[in-house]
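Residue-level listing of the chains:
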Amino acid sequence: MHINVFDHYHFQDSLIHRLDARVKAAVTVAFILSNAILPDGNWLAFAVAWLVLLLGNDLSRLGLGYTFKRSYIVLPFVLVAISVIFSPLGKPLAQWHLGFITLIPTNFGVARFFSILVRSWLSVQMAILLVATTQFPDLIHAFEHLRLPRILTTIIAFLYRYLFVLTDEALRLLRAREARSASLQGRKRGGRLTWRAKVTGSMVGQLFLRSYERSDRIYYAMLGRGYTGHLRTLNPHAMTRLDWLALILSLAVLSFIQLLGWVR
Amino acid sequence: MLLSPAPLHIPDGFLTPFISLVFWGATMIMVGLAISKTNKTLGERQIPLMGLMAAFIFAAQMLNFPVAGGTSGHFLGGALAAIVLGPWAGILVMTAVIAVQALLFQDGGLLVMGANIFNMGILTVVIGFGLYRMVIHRKIGARLVAAGLASWLATMAAALLTSLQLWLSGASRLEIVLPAMLGVHTPIGLGEALITVAALAFIERTRPDLLTSEKAASGGGRGWIIAGIIVSLLAVLLSPLASGSPDGLERVAENLGFLEIGQSAPCEILPDYTIPFLGETHLSTIIAGMVGALVLLGLLILLGRSLRKSPPHT
């Protein structure tokens, strides 16, 4: 399996791609935080935040719709928030009768629901933009510079590196199960539920043992190559003047959005 | 293609900054403790192991099996990680898994990552390891039962806490989100339990040395039993209470003007927040919940027996 199956990094040469990963990570988190603290129903501020996002899309030469097309991932969660529309607070807007239940959407509830929707939709797009313009190893390294404990960044680096290897292993197990599972037309496939679960559980156990044994081999190999407990990189990760400028400019824009949201 | 967004990974925008920061704080304390403990007890050899275990949890989530009606049993892995690696290493592994899910796949948000790690990586480990630790010196049958019960309960507790966080953030109404979440996660938790039990039975048959009591207990003293029991009891008592009387909780919240403040400064609410209905009517729902847990326990004992009877050769 190729690494690109999982990694959503988009090869491109652009201003945003060249920025230091620390700047991009910090701005992404600041953007998400800024959305979170904007009061409900401040559509103007949300619209400016969206423009910022579009600008990011454009500057990274991904096309204006790049992050939008990949943002549907939050949709299933929106179901959870629908109930907020019928919040008891605020003025009722209408009355819908559905069988026994009467649903009363209120202005407070509707504003809250759409604010949640817009917040999560903007936030997830910024996160998509971050991984589309930053190589994941650079991102891990950035977190190391941002004082994330080294043991965590190292585990994450290993996870990233072997995710693909172990996924291949899991696909092999699935293929083997498929190859041994004949089915007749018109007859139910597979045994009882507990039996099927047992088979899957054994596969999980098998995958566990293979991972465990592989980690031993990896450790010996790394020891053989002079592993001292942390990963090295050739990227110098130095902040340039452009990086600082981009950071300050983005934070200024986010402050402006906050100003727009709170001062009326 | 491989990862369906699990309903436990909260995206950004759904939790208020206050709730997000509270759970970031709790998560940071627990992860910090886990780091200092693992630095003490584990050598550099364990680092590739933990990395591979995190990748294993990731890959194992692909191995699903069809349940009924198009849904499929799906593996979260917190309890299993805690049982095979010990609790502190388990917390680190789950933290890495959830962080990468959020960073690489946007499965769960960044600002709310603290809450997601707490729900799926810390709560599941505390319940999973705590209940398993009680029977760690017993025979494999008892351990499998404990592991199954623990992983079911861990899934349910994570669903419960997720619902409560959404409700506290004013992102959903409790009477809707709680039954929905618990309902969805009852079969998911059952799948989790079945897979965890079968995986442990398989490991026990092939590499029993990996599950020996000293090893699994590394960094996991008796304190975990107490923590596990307390958290499990909280989950068992709170979920029927809350789902039996969501109106009650909701009314309390409304009376306190909770949904309104919920977005700006919910700090004032938590101290005032009490559960005012320990009346007799709710005793019955608690009992019902316990009967349900007992039935599950019985099923798991049966499963454990059937798994124990059929080792190939030992």
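Details of the structure are given in the entry above.
In what follows, the accompanying structure is described. (Residues numbered from 1 in each chain as written. Chains lettered and ligands numbered in written order. Predicted model: local features only at pLDDT ≥ 70, side-chain atom pairs only at ≥ 80, totals over all residues. Heavy atoms only, no water.)

## What to know about a nonpolar patch on the surface
Residues and elements named next belong to chain A. Note the threshold: Patches here are clusters of residues that have more than 30% relative accessible area and form no salt bridge, with a 9 Å joining cutoff for like charges and a 5 Å cutoff for nonpolar side chains (Val, Leu, Ile, Met, Phe, Trp, Tyr). Residue burial considers only the protein chains on display, and all accessible areas are found by Shrake-Rupley using a 1.4 Å probe. Within this document, salt bridges are pairs made up of a side-chain nitrogen of Lys or Arg and a carboxyl oxygen of Asp or Glu, the two lying within 4 Å of each other. Segments assigned H or I by DSSP are reported as helices when at least four residues long, segments assigned E as strands when at least two residues long, and all are numbered from the N terminus.
A grouping of Leu15, Leu55, Leu59, Leu242 and Leu245 is seen on the molecular surface, where their side chains present a nonpolar patch of about 440 Å² in accessible area. Sorting the residues of the nonpolar patch by element identifies α3 (43-59) and α10 (241-262) as the ones contributing at least two each. Positionally, Leu245 belongs in helix α10.

## Topic: the pattern of salt bridges
All names here are of chain A. Using the criterion set out here, one finds 11 salt bridges over all chains in the structure. Of the charged contacts, one joins Arg119 and Asp40 as a salt bridge, the two residues approaching to 2.8 Å between their closest N and O atoms. One end of the pair, Arg119, is in helix α6 (residues 107-133); the other, Asp40, is in the loop between α2 (21-37) and α3, and 79 residues separate them in sequence. The closest approach of N and O atoms between Arg172 and Glu169, which form a salt bridge, is 3.0 Å. Of this pair, Arg172 and Glu169 both sit in helix α8 (residues 150-180), 3 residues apart, which is roughly one turn of that helix. Linked through salt bridges whose partners overlap, the residues forming this network are Glu169, Arg172, Arg210 and Arg214.

## With respect to α8(A)
Cut-off, in case you're wondering: The span one expects for a helix is its residue count, reduced by one, times 1.5 Å. For a residue, the bend is simply the angle between two axes, fitted respectively to the seven-residue segment ending there and the seven-residue segment starting there.
When the terminal C-alpha atoms of α8(A) are compared, their 44 Å separation across 31 residues agrees well with the 45 Å that a helix rising 1.5 Å per residue should span. Helix geometry: α8(A) is bent most strongly at Tyr162(A), by close to 45 degrees.

## Things to note about the interface of chain B and chain A
Heads up, the condition is: Whether two residues touch is decided by their heavy atoms; if any such pair falls within 4.5 Å, the residues are in contact. Nitrogen and oxygen atoms within 3.5 Å of one another constitute a polar contact, given that in protein one can donate a hydrogen and the other can accept it, and given that sequence-neighbouring residues count only through two side-chain atoms. Following the grouping adopted for this structure description, the nonpolar residues are Ala, Val, Leu, Ile, Met, Phe, Trp, Tyr, Cys and Pro, the charged ones are Asp, Glu, Lys and Arg, and the polar ones are all others, Gly among them.
Each side of the interface is counted separately: chain B has 77 residues, and chain A has 82 residues. Viewed at the interface, chain A and chain B are joined by 1 salt bridge. Glu213(A) is paired through a salt bridge with Arg207(B); the nearest N and O atoms lie 3.0 Å apart. The interface formed by chain B and chain A includes 4 residue pairs in polar contact (both at pLDDT 80 or more). Among the elements that line the side of chain B that touches chain A, the one with the most residues is helix α2 (residues 46-60) of chain B, at 13 residues. Class assignment for the residues of the side of chain B that touches chain A results in 54 nonpolar, 15 polar and 8 charged.

## Some details on unusual backbone geometry
Spelled out, the test is: Each residue gets one of three labels from its accessible area relative to the maximum for its type: buried under 20%, exposed over 50%, partly exposed in between, using a 1.4 Å probe on protein chains only.
A positive phi angle, near 70 degrees, is found at Arg147(A), a position not held by glycine. Relative to the elements of secondary structure, Arg147(A) occurs in the loop between α7 (136-145) and α8. For Arg147(A), a relative accessible area of 71% puts it in the exposed group. You will see that Gln106(B), though not glycine, has its phi angle at about 55 degrees, which is positive. Along the chain, Gln106(B) turns up in the loop between α4 (87-105) and α5 (113-134). With a relative accessible area of 8%, Gln106(B) lands in the buried category.

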